[in-house]
Structures are given as C-alpha cells and as structure tokens.
Amino acid sequence: EEKEEKEEKEEKEEKEGNITKTIQCLTKIATSFQHKGFINYFGMQRFGKYHDTADVGIAVLKGNFELAIEIIMRPKGEDYEEEERQKQQKEEEQQSKKEEKDKYGGGGKGCGSGRKRQYDRYNQMKVGNARIRWSKRFGEILLINKDDNNKEDASTEKNNKDNEEKLKEAERKCAREILPQLGRFMVCEVSILSYLSRKPRDYKGAFGCIAKNLRLMFLHSYQSLLWNKAASYRMKKRIAEGETDGMDDAKDSCSSNEDVQVGDLVLIEDKSQKEGGSGTSGLQGKKVKIVTQEDVKNQNYCITDVVLPLLGYKVQYPQNDTKTSFETMLQNDGLTLEHFNNIQDRELALGGDYRKLICRPSDVDFEIKRYFNPLQPLLQTDLMEVHNVPVPPPVTIGRQKQDAMVVDNLQHKENDACNKNDEDEKEQPNKKQNTLLGMVIGFTLPPSSYATIALRELMKRPTSNEYQSKLLLEGDCERNLGKGFD
C-alpha cells in the first residue's frame, strides 16, 4: 500500500509539474504577444473560400480575361466529389427502384419518397452541376488558337469562322441553361453568365460586368498574397541573420533597433481622415522613408515602424533584398512590376499602399483557466447572460473534482450528458480526471488587422474550418488529423 501511495504521489507531482510548466509557457507566449505583437499577415478570408481569387488577379494583370472567367466559373474540388457521389447515388436509386418494382409490381409503394429525396439532393448539388456543365459547354467543338490564324489560307479561315460561331452558340445556350441554377448570392457568376448569354465569347466584357468592388477584390487578393510572402521572407531573413525570433523574451519590440535593416521602409507620417489622410487604406496622408546606415547607427527606428508596400504604381519599394523577393515572386507568376503600371482599365488602377510588418495589439488581457469538462463554457455567452446563467467558478489548483456545473437549459444534449457524468463523479470521488487548461484573452487591434491572424500567430495553429472541425475534445486533440503541427 505504501508503494502504491508513493507511486500515486509521484504521478500526481509529475502531472502538477507538467501543468505548471505549461502555464508558465502559456504566460510567456501571451506576454510576448502583448509586448512584441505578431506578423501583420492578411487573413485567409482575403483569398476567397476556394483560395483562387489571387489566381484571377494574376490573369487580369496579364490581360487574359478568358482565363480569369474560367477560374471564376470552373468547378471546385468539392463539385467533382459531388459529381462522383451523384453518379453513385443514381446507380443506387436505380437499383432501389428495380427492387421496389419487383416487390410491389410496378411502381407504387415507396417511389414517391425516393423521388423527393432525389429532388432534395438535386437542389443541393445544382450549383456544382452548373459549374461542371459550364466546363464542358463546348463538347467536341474544336478550339482554335487565334495566334495561328495568320498562317492559314482563306478556306481554313472560313472554317475557323464557322467554328467560332458554333462555339458562341454553344456558350450562349449553356449560359442560358445554367443561369437559373445559380444561387442569388453568386453575384460574380450571375453577372458573367447574364452577359455571355447575350454576347458569348466576349470575356473582357463579361469581366467588366462584375461590380467594380468585386473586380478590385481579385487584384487586392493578389496584392495581399505577395505582401504575405514578402513578410515571411523579411522575417525569415531577420532570424537567419541572428536577430531575435520574437518569442525569446517579453521586452518591448522597440527596445532596440536590431530588427531594422538598411534599405527598409519606415512609416514617418500617417494622418487620420480628420487630418486629411485616406484612413485605413490608401496613400493619402502617408509618408515613408528609406532607412540609412546612419538611422541604424542612431537607433532612430524600430521593427514596429517598418512597412512593406502593397504593389502599385505610386509606392516606393525597399532598397534591399525584400524588393528582390517581390520581383522574384512576380517573375514566377509571369509578371513584372510594370504590369501594375499598365492596367488599361482605369477603374482597376492600383496605386498601392503601405502596411506595417508587425502589429502590436492594445488592451491585452489574458487569464489561464484550469477545468475538467471539455464542454464547460469559460466565458458567459450572450444567451447565458439573457437567461442569467453564471459561468462555473474557476477550479482551484490541485483540486481533483470540478464543482457542479451549471448548465444552460438551452444547450445541446451533450451538455446534459456531461451533467450526468458530474453526478456520477460525486458518487466516485476517487475517479481520476484529466486536467484541461484554457486561455481567455481579449485585445484590441488597429484597423485592417485580422483577429483570426492574431489568434493563429498566438496559438501557432490554423484557424480554418477544415482544421478546427477535426479537433477532438478529449486527449490529444490533434490525433484525428493524422499528423501534429510543430
């Protein structure tokens, strides 16, 4: 018995020691977040649900509006999956109808419900089907490369014209057929198909029918992608040259100028709208300066003053390797800086902007809570406040059993099941429980910064639905993902 008690005591001390170390680590990370901030990336929502808006921006900058339209209208990955599921489902339904026919002698019993289910599935998949139908709109009609027309004789040219008329007719017919299948919030797709149903194969005109703010969205998405990559390059270079990694201590990020490099851009003036500036975006009221060797020597600036440009024809560029990184990224996409100066559509002209490399939040307040029930709310929700339901009190360090949990009557059945488990635990006081640690944090960000990015940089974990939906409540929360994250 003494041996068992000793082992149990050692296990308990080891567990408490691990918890203490984890709390210290979380405190250090949150304190660093408060004083040093985080890399001011653009959020993933900037790049669209399917992460292809930047691809449209690249095509527009190249003047390839046919490709831009194809990217917007093309089937997404889930559409192909739905098509395969639909084929499989159709085969299953045909088999089911055959069995029903054999059983009931012709059609009757059970057929109505089958048709209803099929209609419901059709409604869910019609957008995907419309995209797939559009991708196959030309069928077996031969697509002719316009650049080859000069090499051909008159008879071939006539055949090409006939072929082009067939392409236009096929596209007009397809656009009219699938237009009613699109959802009312698919504004870009509806605008494109409405135009092409009248003027098929005029892709530049179709793109021009999209609302101006949405057309600019595609170009801004590519600007943001380049900025994010340049920010990663700048920060990697900072670490590679032996500078701080931003997490080594909780000193203020302006405590030294080691992070500023010769050739960096720093923001020296940023007027508000009341002072005549352009506000959260735009160049009006902003002035930048290129950092010199003398500035570095005199420690005139710090990392929070450093900005990176959003590419455009009005901005200055850093005079160091960061500018080279921009040029390399553009070259990989088949572009140059001149493409931003030669946009023919004046409505889409990109003057550019400056964005701070590091964002430092204000009003940071955090608290680390220890609890046992993964479904226990750590904050009072609006619904709980309306129904006067308090948050359970914090758990005391070393306590082995959670206090009775107050459960909102409007919560899901899972919470009711957890209540039952709590009652069972009262009858079994010796039952071991896993300790959970949670951080409740609040902060304020400046305009145009993203809370999702702040949390991602704080947790070093993705904030996407794909990742978050696969996390498990108990044990190793990431074991369902197949591979952990470093």
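Residues numbered from 1 in each chain as written. Predicted model: local features only at pLDDT ≥ 70, side-chain atom pairs only at ≥ 80, totals over all residues. Heavy atoms only, no water.

J.: How should the overall build of the chain be read in this particular structure?
T.: For the chain, the helix and strand inventory stands at 15 helices and eight strands. Per-residue burial for the chain yields a buried fraction of 36% across its 486 residues. Residue pairs in contact within the chain that sit at least 24 positions apart in sequence constitute 74% of those at least 6 positions apart. Carbon and sulfur atoms make up 48% of the accessible area of the chain, which totals about 29,600 Å². (Helix = DSSP H or I, 4+ residues; strand = E, 2+ residues; numbered from the N terminus. Buried < 20%, exposed > 50% of the residue type's maximum accessible area, 1.4 Å probe, protein only. Contact = heavy atoms within 4.5 Å. Areas by Shrake-Rupley, 256 points an atom, 1.4 Å probe, with all protein chains shown as cover.)

J.: Would you explain the packing of helix α3 (residues 65-73) against helix α7 (residues 187-196) in this entry?
T.: Two quantities define a packed helix pair, namely the angle between the helix axes and the distance between the axes. For the pair α3 and α7, interaxial distance at closest approach is 10 Å and the crossing angle is 130°. Relative to α7, the element α3 lies oblique. Helix-helix and strand crossings are classified by hand; for α3 and α7 the assignment is left-handed. Only C188, E189, I192 and L193 of α7 make contact with α3, whose side of the interface consists of I69, I72 and M73. Grouping the amino acids of the contact of α3 with α7 by side-chain chemistry returns six nonpolar, no polar and one charged. (Axes fitted to C-alpha atoms, helices over the stretch in contact; angles between N-to-C directions. Parallel < 35°, antiparallel > 145°, perpendicular 65-115°, else oblique. Left-handed = near helix turned anticlockwise from the far one by under 90°. Nonpolar A, V, L, I, M, F, W, Y, C, P; charged D, E, K, R; others polar.)

J.: Sorry, what's going on with the packing of helix α2 (residues 53-61) against α3 here?
T.: For the pair α2 and α3, interaxial distance at closest approach is 7 Å and the crossing angle is 165°. One finds that α2 runs roughly antiparallel with respect to α3. Once α2 is placed against α3, the crossing between them reads as left-handed. Every residue of α3 that contacts α2 at D55, V56, A59 and V60 is listed here: F65, L67, A68, I71 and I72. The residue makeup of the contact of α2 with α3, split by class, is eight nonpolar, no polar and one charged.

J.: Mind showing me how you'd approach the nonpolar core here?
T.: Nonpolar side chains tend to gather and get buried jointly when the protein is soluble and globular. With 80 residues, the main nonpolar core has F207 and Y222 as its most contacted residues. In terms of residue count, the dominant contributor to this core is helix α9 (residues 212-240) (ten residues). When near neighbours in sequence (up to four residues on either side) are disregarded, F207 contacts V56, V60, F65, I69, I72, R215, F218 and L348. (Core = buried A, V, L, I, M, F, W, Y, C linked by side-chain atoms within 4.5 Å.)

J.: How do you make sense of the confidence of the model for the chain when you look at a structure like this?
T.: It should be kept in mind that the predicted coordinates are not to be read in detail where pLDDT is low. Confidence in the prediction for the chain averages 80 pLDDT; 73% of positions are at 70 or higher. The model gives residues 104-111 a pLDDT under 50, and that stretch makes six contacts with residues more than four places away or in other chains. This model gives residues 396-431 a pLDDT under 50, and the stretch forms 44 contacts once residues within four places in sequence are excluded. (pLDDT = per-residue confidence, 0-100.)

J.: Looking at this model, I keep getting lost on α2. Mind explaining?
T.: Spacing of three or four residues puts side chains on the same side of an α-helix, whose turn is 3.6 residues. Across the nine residues of α2, eight count as buried, placing the element largely inside the fold. Here α2 has its buried residues at T53, A54, V56, G57, I58, A59, V60 and L61. Where α2 ends, the next residue or the one after it, G63, has phi of about 80°, a positive value.

J.: Would you explain the sheet that holds strand β5 (residues 353-356) in this entry?
T.: The strands making up a sheet associate through backbone hydrogen bonding, with each pair oriented either parallel or antiparallel. Strands sit in the order β3-β2-β4-β5 across an open sheet of four strands; the sheet is antiparallel. Whereas interior strands pair on both sides, the edge strands pair on one side only; in this sheet they are β3 (286-290) and β5. Put simply, the sheet's adjacent strands are angled 55° from each other on average, direction ignored. Strand direction decides the pairing type here: strand β4 (residues 306-310) and β5, joined by four bridges, are antiparallel. Each residue of the ladder has a partner; that of L308, found in β5, is R355. (Pairing = 2+ DSSP bridges.)

J.: Where do I start with unusual backbone geometry in this structure?
T.: Excluding glycine, a negative phi dihedral is what most residues carry, and trans is how most peptide bonds are arranged. Backbone geometry places H51, a non-glycine residue, at a positive phi of 55°. Within the secondary structure layout, H51 lies in the loop between β1 (38-39) and α2. Classification of H51 by relative accessible area gives partly exposed; the value is 47%.

J.: Looking at this structure, I do not really get the pattern of salt bridges. What am I missing?
T.: Side chains that carry opposite charge are capable of pairing whenever their charged atoms lie near each other. Applying the stated criterion across every chain, the model contains 19 salt bridges. With its nearest N and O atoms 2.9 Å apart, the salt bridge here joins R137 to E171. A residue pair is termed long-range when its members are at least 10 positions apart, and R137 in the loop between α5 (111-135) and α6 (154-178) and E171 in helix α6 qualify at 34 residues. Like E171, R137 is buried. Between E269 and K271 there is a salt bridge, with the nearest N and O atoms lying 3.8 Å from each other. Look at E269 and you get partly exposed, because its relative accessible area is 27%. Several salt bridges converge on common partners, so that one network encompasses E66, E164 and R201. (Salt bridge = Lys/Arg side-chain N within 4 Å of Asp/Glu carboxyl O.)

J.: Teacher, can you tell me more about the packing of aromatic side chains here?
T.: According to the stated counting rule, one finds six aromatic pairs in the structure shown. Aromatic pair F33 and F38: ring centres 5.8 Å apart, planes at 10°, arrangement stacked. Assigned by exposure class, F33 and F38 land together as buried. Plain terms: the ring middles of F33 and F443 are 5.5 Å apart, the flat faces sit at 70° to each other, and that makes the pair edge-to-face. One end of the pair, F33, is in helix α1 (residues 2-36); the other, F443, is in strand β8 (residues 436-444), with 410 residues separating them in the sequence. For F33, a relative accessible area of 4% corresponds to the buried category. Ring pairing ties together the aromatic residues F33, F38 and F443, which thus form one cluster. (Phe/Tyr/Trp six-rings, centres within 6.5 Å; stacked < 30°, edge-to-face > 60°.)

J.: Where do I start with the environment of G37 in this structure?
T.: Position of G37 relative to the elements: it lies in the loop between α1 and β1. For G37, a relative accessible area of 17% puts it in the buried group. Through-space distance from the C-alpha of G37 to that of T304 is 8.9 Å; in sequence the pair is 267 residues apart. Contacts of G37, omitting those with residues within four sequence positions, involve S32, C359, R360 and P361.

J.: Would you take a moment to explain the environment of T22 for this structure?
T.: Mapped onto the elements, T22 comes out in helix α1. According to the relative accessible area criterion, T22 is partly exposed, its value standing at 36%. When the C-alpha atoms of T22 and L437 are compared, they prove to be 8.6 Å apart, with 415 residues separating the residues in sequence.

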